[in-house]
Amino acid sequence: MACAPRIEINLAKIAHNAAALVALYGIKNIGLMGVTKAVCGAPEVAKVLLDEGFSMLADSKVVNLKKMKEAGLKADLVLLRAPALSEIDTVIKYADISLNTELSVIEKLSEEALKNHLVHKIIVMIEMGDLREGIMPATLETFIEKVVKLEGIKIVGIGVNFACFGGVKPNNAKMNELSLLATMIQTKFALPLSIVSGGNSANYNWFINATDVTKVNNLRLGESIYLGRETLNRQVIPGLYTDAFTLITEVIEAKIKPSMPYGEIGQNAFGEVPEFRDRGIMNRIILGIGKQDVLVSGLTPLLDIEILGSSSDHMVLNAKESKLQVGDEVTFNLNYGALLSIMTSPYVYKKYSHAL
Ligand SMILES: *Cc1c(COP(=O)(O)O)cnc(C)c1O
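This section reports on the structure supplied with the text. (Residues numbered from 1 in each chain as written. Predicted model: local features only at pLDDT ≥ 70, side-chain atom pairs only at ≥ 80, totals over all residues. Heavy atoms only, no water.)

Points about the overall build of the chain
Now for step 1: Summing up its helical and strand segments, the chain has ten helices and 16 strands in all.
Now for step 2: Its C-alpha atoms put the chain at 75 × 40 × 40 Å along the principal axes.
Now for step 3: A buried classification covers 47% of the 356 residues belonging to the chain.
Now for step 4: Contacts in the chain between residues at least 24 apart in sequence constitute 65% of all its contacts with a sequence separation of at least 6. (Helix = DSSP H or I, 4+ residues; strand = E, 2+ residues; numbered from the N terminus. Buried < 20%, exposed > 50% of the residue type's maximum accessible area, 1.4 Å probe, protein only. Contact = heavy atoms within 4.5 Å.)

Quick notes on unusual backbone geometry
Now for step 1: Cis rather than trans, the peptide bond between Ala4 and Pro5 has omega equal to 0°.
Now for step 2: Tracing the sequence through the fold places Pro5 in the segment before strand 1 (6-10).

A look at helix 1 (residues 11-26)
Now for step 1: Between the first and last C-alpha of helix 1 there are 22 Å, a value that for 16 residues agrees with the 22 Å anticipated at 1.5 Å per step.
Now for step 2: Where helix 1 is concerned, the buried positions are Leu11, Ala12, Lys13, Ile14, Ala15, Asn17, Ala18, Leu21 and Tyr25.
Now for step 3: At the N-terminal end of helix 1, a side-chain oxygen is found 3.0 Å from the backbone nitrogen of Ala12, two or three residues along, and the residue is Asn10. (Expected span 1.5 Å × (residues − 1). Polar contact = N/O pair within 3.5 Å; in protein donor to acceptor, adjacent residues only side chain to side chain.)

Some remarks on the pairing of strand 4 (residues 76-79)
When a strand is regular, its side chains alternate between the sheet's two faces.
Now for step 1: Inspection of the sheet shows strand 3 (residues 56-59) paired to strand 4 by four bridges, in the parallel sense. Bridge pairing in strand 4 links Asp59 to Leu79.
Now for step 2: Running through helix 3 (residues 62-70), the crossover from strand 3 to the neighbouring parallel element strand 4 is right-handed.
Now for step 3: As paired elements, strand 4 and strand 5 (residues 97-100) share two bridges and run parallel to each other. In the sheet register, Val78 faces strand 5, and the bridge partner there is Ile97.
Now for step 4: For the segment spanning strand 4, helix 4 (residues 88-94) and strand 5, crossover handedness is right-handed. (Pairing = 2+ DSSP bridges. Right-handed = clockwise from strand over helix to strand, strands pointing away.)

Details of helix 3
The α-helix advances 3.6 residues per turn, and as a result positions three or four apart in sequence lie on the same side.
Now for step 1: By the burial criterion, the buried members of helix 3 are Val62, Asn64, Leu65 and Met68. Summarising the axial view, the buried residues of helix 3 lie within an arc of 160°, below the 170-degree limit, and thus occupy one face. Exposed and facing more than 90 degrees away from the buried side of helix 3 are Val63 and Glu70.
Now for step 2: Taken together, the buried residues of helix 3 touch helix 2 (43-51), strand 3, strand 4 and helix 4.
Now for step 3: Residue Gly72 follows helix 3 closely and has a positive phi angle near 80°. (Arc of directions from axis to C-beta.)

With respect to the layout of surface pockets
By rolling a water-sized probe across the atoms, one finds the places where empty space is left.
Now for step 1: The space that makes up the largest pocket amounts to roughly 770 Å³.
Now for step 2: Taken together, 27 residues line the largest pocket, and the ones lying closest to its centre are Pro261, Pro274, Phe276, Arg284 and Val316.
Now for step 3: Elements with a minimum of two residues in the lining of the largest pocket: strand 10 (245-258), strand 11 (281-287) and strand 13 (306-310).
Now for step 4: A per-element tally of the lining of the largest pocket places strand 13 first, with four residues.
Now for step 5: Here the lining of the largest pocket is composed, by residue class, of 13 nonpolar, eight polar and six charged. (1 Å grid on protein atoms, 1.4 Å probe; cavity = no way out; pocket = protein on both sides within 12 Å on 5 of 7 lines; lining within 4 Å. Points joined across faces, edges and corners; volume = space filled by probe spheres on them. Nonpolar A, V, L, I, M, F, W, Y, C, P; charged D, E, K, R; others polar.)

Some details on the packing of aromatic side chains
Now for step 1: Throughout the structure, instances matching the rule amount to two aromatic pairs.
Now for step 2: Where Tyr25 meets Phe207, the ring centres are 4.4 Å apart and the plane angle is 50°; that geometry is what we call tilted. One end of the pair, Tyr25, is in helix 1; the other, Phe207, is in helix 8 (residues 204-209), and 182 residues separate them in sequence.
Now for step 3: Tyr25 sits in the buried class, given a relative accessible area of 0%.
Now for step 4: Overall, Phe207 belongs to the buried group, its relative accessible area being 2%.
Now for step 5: Ring geometry for Tyr226 versus Phe245: centroids 5.9 Å apart, planes at 80°, classification edge-to-face. In this pair, Tyr226 is assigned in helix 9 (residues 223-227) and Phe245 in strand 10, connecting sequence segments 19 residues apart.
Now for step 6: With relative accessibility at 0%, the residue Phe245 sits in the buried group.
Now for step 7: Above the plane of the ring of Phe207 lies Lys28, whose end atom (NZ or CZ) is 4.7 Å from the centre.
Now for step 8: Positioned above the aromatic ring of Phe270, the side-chain terminus of Lys291 is 4.6 Å from the ring centre. (Phe/Tyr/Trp six-rings, centres within 6.5 Å; stacked < 30°, edge-to-face > 60°. Lys NZ or Arg CZ within 6 Å of the ring centre and 35° of its normal.)

Regarding the packing of helix 1 against helix 2
Now for step 1: Two elements in contact, helix 1 and helix 2, have axes whose closest approach is 9 Å; the angle formed by their N-to-C orientations is 35°. Handedness of the helix 1/helix 2 crossing: right-handed. Residues Leu11, Ile14, Ala15 and Ala18 of helix 1 form the contact with helix 2, whose participating residues are Glu44, Val45, Val48 and Leu49.
Now for step 2: A per-class count over the contact of helix 1 with helix 2 returns seven nonpolar, no polar and one charged. (Axes fitted to C-alpha atoms, helices over the stretch in contact; angles between N-to-C directions. Left-handed = near helix turned anticlockwise from the far one by under 90°.)

With respect to the site of the ligand
Now for step 1: Taken together, 13 residues are adjacent to the ligand, and Lys37, Ser201, Arg220, Gly222 and Glu223 come closest.
Now for step 2: With respect to the ligand, the side chain of Arg220 contributes an N or O atom lying 2.9 Å from a nitrogen atom.
Now for step 3: Within the backbone of Gly222, one N or O atom sits 2.8 Å away from an oxygen atom of the ligand.
Now for step 4: Coverage of the ligand by the protein chains reaches 93% of its 390 Å² of free accessible surface. (Near = heavy atom within 4 Å. Areas by Shrake-Rupley, 256 points an atom, 1.4 Å probe, with all protein chains shown as cover.)

Considering the nonpolar core
Now for step 1: By size, the foremost hydrophobic cluster in this structure holds 98 residues, and its most contacted members are Ile14, Ile158, Tyr226 and Phe245.
Now for step 2: Broken down by element, this core gets its largest block of residues, seven residues, from helix 7 (residues 172-189).
Now for step 3: When residues of this core are sorted by domain, at least three fall in each of domain 1 (11-227) and domain 2 (245-353).
Now for step 4: If sequence neighbours within four positions are ignored, Tyr226 has contacts with Asn17, Val35, Thr36, Ala38, Val39, Val45, Leu49, Ala244, Phe245 and Leu339.
Now for step 5: Grouped together as the second largest cluster of nonpolar side chains are twelve residues, Ile97, Leu99, Ile123 and Ile195 included. (Core = buried A, V, L, I, M, F, W, Y, C linked by side-chain atoms within 4.5 Å. Domains from an automatic or database assignment.)

Structure below.
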């Protein structure tokens, strides 16, 4: 019997999505970074992205860049999360490009780059309303003025991030603003700025409707590749697969039980006092997976069954009329949070397949 729980990763579907997105965004000359953090930098997946036309791979963790570099993948490796002061040596070693917002960090990158006789490339992230990372636009000019003086550092682009923290939408106005900042830097500092990175999978609707993408020439895509969706409304992008990843779990108990807990009620394993409705006697199953492995709220069963709740390592379901028995496998579709958690769990076996 195959090992469960496991995530089945369909590389053919990922390849299809990757190629389709490269072609789509290419129509308006937008290049793409393949963001690998949702798959923890898995070289199997990264290789597919390179085969389908991506040349830049981006991840928020240096260990994932290291994994890809050591797998021998030929790509520009981009560190997506601004480096911490304490990790500069590994950033210089494994990232060709990093996203930055702090002068003190870039100074340290400069020192370390010089020590290693190399030039480290950076993309300066600009704040435009989502209120995660980025320097305020009003301070951009003085910031760039200081950075261009640092040896061993080359500013290759500017970037902005949307819909991650504040839920702010990337739209024409925001993209124009970014484009104008690019023009300002290009003229004032005679910097070519080969990358003007307008956002992530949330930029799809802007892109589709834009008659002029301005100077924006790059997006950083994760979720669209893996789950086939844009991320403002989680709409499916036409022609893409949404089921390249599926979770397979195994039934470890199947019994007819009451639907209401009985006895004196206190806190559960996660410090909550759960509430239940009496729905009479119920066909219940337990699956051998729980909160330690997966964001349970991000799972959708393919069968007509219902998740009732979970503890660290058990998931309890109303099996309804499914007739599921011990040893049976139960399959789920995943959202981004579920994908991220499962790929990160060492307890879920990763099974790659190559056939559609
Ligand atoms: C995660 C991340 C992305 C990718 O976002 P998706 O919604 O998965 O496309 C892009 N840029 C940055 C800075 C990120 O942290």
